[in-house]
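Examination of the molecular architecture
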Amino acid sequence: MIRLIPIRRKGIFRLVFSRLAIIIGLLALQVGIIVMMYHRFEEILPYSKMIFGVFTIVMLLWLCNTDMVYIAKFTWAIIFFLFPVPGALLFFLTMSDIGHRALAKRTFQLIGETRDKLPHDPGIMGERELMISGMDDLCKYVNRTGCFPIFRAEELDYFPSGEAKFTAVLEELRKAEKFIFMEYFIIAEGYMWSEVLKILRDKAAQGVEIRVMYDGMCEMSTLTHDYPQRLEKLGIRCHAFSPITPFLSTYYNYRDHRKILVVDGKVAFNGGINFADEYINRKERFGHWKDTAVMIRGSAVSSFTLMFLQMWNISEKEPEWDRWLTTTPGTPGKGFVMPFADSPLDDDKVGENVIMDILNRATTYVHIMTPYLILDGELENALKFAAERGIDVKIILPGIPDKKTAYALAKTHYKSLLKAGVKIYEYTPGFVHGKVIVSDDKKAVVGSINLDFRSLYHHFECATYMYKTSCIGEIGADFHDTLKLCRQVTSETIKHERLYYKVVGRLMKFISPLF
């Protein structure tokens, strides 16, 4: 097994003198200085309470006139009520987005540069079937935010587990001749990453261009801050997105939650599966880990190549595009496919709007698998409206949670959804991490998008939208197979829910936009 990070003993001494502890200490020091300045200001200014009161009222008026969703406004209003001035200052810091403006500017610049990099086939958009289904309108909407053409589907494979995807990944990596691009939220050393790393090391030695990206939060959990340099020694180029630094900033709020793997422009993988042993049940965390992914061949692969390059080039001085955007046509298949991305830096909530479009256009059923259910009012109403007009809406959630607070918040939606006719199930063997929507035997979305605030509002995400593709039947069958392993939530089970979840869910509801 390859390990680039030595196994170290865990202990309080190592934790106290670690880089992470120093960063946390410096962040705490900055917060302390702000609090101290606030109290000092209170002491020296006789009318400080009156000034702070007026300041808070002004902030509340400002809050009411923002474009923020209602529940987020409610959260901030409660914070203002409990902590008037600190809350107002925190709100001002958040709204000003100090620290991420350079990221936003660079991201918009790169999206602008690449808006026309992938050609749109006008013949597809004009097809009667897409126009009747309304998918042509959805394509137009999605393309407002970037270059996301719709393609005729070629070869698509659905993986109902991390184990199935892992086998296919190893097989495709061994075939690489030109480049391998990887962008994942989590990478953790262990059996899964070691097997991949062996191939990446060998391919780099053969002259294959290898680029790896992971989210900078991995520094706090699975990797060291110098892991990119460790990979460079193997000939693998690496970037950590938004690494942790000892400065207060809203920059940390936006995480790269995407999962993309592209090999030679011939094949791409997308879904919910990261590179850590729990994703292939090699290591048990929260019972059996249920996850999903898709593999795409042909022209649509170019969309994932472009998504990767847009993120990669944020920190590159001279972006390269065209040499990597060549694709190899696959075997013609059935239906259409549209890979798409969602950025938290613009005003378009693409992931949420795609989900609501499916819910609003459904004629028979919408079946959803998601690890989290922390909804804003619009998405909750869309789910309820679909059920109330006779659509079979089913949601599969974990039976064993990874985050108890998020699990408790999900349960606060149960009663309202059940009353509207939505059917909810919990996966008894363990944790569901798959992000899947399938509808009417015609439409499906598989990707990295969860049904929670962080995913829909604060993360960089991506997904594969499929219409009448051959694998939709497999996705539907997997949902029904998973359903057999679930317990159904009823009004009776809600009554007998653990007191902890009832109390915590209600207490944390007002800050649910933070989860």
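Analysis parameters
Position numbers for residues count from 1 along each chain, tracking the sequence in the order it is written. The predicted nature of this model means local features are confined to residues of pLDDT at least 70 and side-chain atom pairs, given and counted, to a pLDDT of 80 or more, with totals for whole chains, interfaces and linings taken over all residues. As a rule here, side-chain values come from all non-hydrogen atoms in the structure, and water together with hydrogens is ignored. Both site types are read off a 1 Å grid over the protein atoms alone. A 1.4 Å probe that fits but cannot get out defines a cavity, while an open set with protein on both sides within 12 Å along at least five of seven lines defines a pocket; lining residues have an atom within 4 Å of a point. Grid points are joined across faces, edges and corners, and a volume is the space filled by probe spheres set on the points. In this description a helix means any DSSP run of H or I spanning at least four residues, a strand means any run of E spanning at least two, and both kinds are numbered starting from the N terminus. In this scheme, patches are assembled from residues that exceed 30% relative accessible area and form no salt bridge. Like charges are connected within 9 Å, while nonpolar side chains (Val, Leu, Ile, Met, Phe, Trp, Tyr) are connected within 5 Å. A 1.4 Å probe and the Shrake-Rupley method give the accessible areas. Residues count as covered only by the protein chains that appear here. What makes a salt bridge here is a side-chain nitrogen of Lys or Arg within 4 Å of a carboxyl oxygen of Asp or Glu, nothing more. Per-residue confidence from the prediction method is given by pLDDT, with values spanning 0 to 100. We call two residues contacting when some pair of their heavy atoms lies within 4.5 Å. An axis is simply a line fitted to the C-alpha atoms; with a helix, the fit covers only the stretch in contact. Between two such axes, the angle follows the N-to-C directions and lies from 0 to 180 degrees. Orientation labels follow simple angle bins: below 35 degrees gives roughly parallel, above 145 gives roughly antiparallel, 65 to 115 gives roughly perpendicular, and whatever is left gives oblique. Definitions for this section: a left-handed crossing has its near helix turned counterclockwise from the far helix by less than a right angle. A right-handed crossing has that turn clockwise. Each residue gets one of three labels, nonpolar for Ala, Val, Leu, Ile, Met, Phe, Trp, Tyr, Cys and Pro, charged for Asp, Glu, Lys and Arg, and polar for the others, Gly among them. The buried label applies to any residue whose accessible area, calculated with a 1.4 Å probe on protein chains only, is under 20% of its type's maximum; exposed applies above 50%, and partly exposed to all values in between.

**Regarding the layout of surface pockets**
- Within this model, the second largest pocket holds a volume of roughly 350 Å³.
- Forming the walls of the second largest pocket are 14 residues, and the residues nearest its centre are Lys411, Tyr414, Lys415, Ile494 and Arg506.
- When residues of the lining of the second largest pocket are traced back to their parent elements, those giving at least two are α16 (404-411), α17 (414-420), α20 (491-495) and α21 (499-508).
- Ranked by residue count, the leading element in the lining of the second largest pocket is α17, at 4 residues.

**Considerations on a nonpolar patch on the surface**
- The grouping of Leu499, Val503 and Leu507 at the surface amounts to a nonpolar patch, some 300 Å² of accessible area in total.
- Along the chain, Leu507 falls in helix α21.

**Things to note about the confidence of the model for the protein chain**
- Summary statistics for the protein chain give a mean pLDDT of 87 and a share of 84% for residues scoring 70 or more.
- Within the model, pLDDT remains below 50 along residues 13-17, and this stretch shows 4 contacts once partners closer than five positions in the same chain are excluded.

**Some thoughts on the packing of helix α14 (residues 350-361) against helix α15 (residues 377-388)**
- Contact pair α14 / α15: the axes reach a minimum separation of 9 Å and the direction vectors enclose 15°. By the angle class used here, α14 and α15 are roughly parallel. In this structure, the crossing between α14 and α15 has a hand that is left-handed. Of the residues in α15, those touching α14 at Glu352, Ile355, Met356, Leu359 and Asn360 are Glu378, Leu379, Ala382, Leu383, Phe385 and Ala386.
- Tallied by class, residues from the contact of α14 with α15 come to 8 nonpolar, 1 polar and 2 charged.

**Quick notes on the environment of Pro122**
- Relative to the elements of secondary structure, Pro122 occurs in helix α7 (residues 122-125).
- Under the relative-accessibility criterion, Pro122 is labelled exposed at 67%.
- Considering only alpha carbons, one finds Pro122 and Ile150, 28 residues apart in sequence, at a separation of 9.8 Å.

**A short note on the pattern of salt bridges**
- If you walk through the whole model with that rule in mind, you get 29 salt bridges.
- Here Glu189 makes a salt bridge to Arg3, at a shortest N to O gap of 3.7 Å. Placement of the pair is Glu189 in the loop between β3 (179-184) and α11 (191-205) and Arg3 in the segment before α1 (12-16), with a sequence separation of 186 residues.
- For Arg3, a relative accessible area of 40% gives the class partly exposed.
- Among the ionic pairs, Glu320 bridges to Arg323, the shortest N-O distance being 3.5 Å.
- Since its relative accessible area comes to 54%, Arg323 is described here as exposed.

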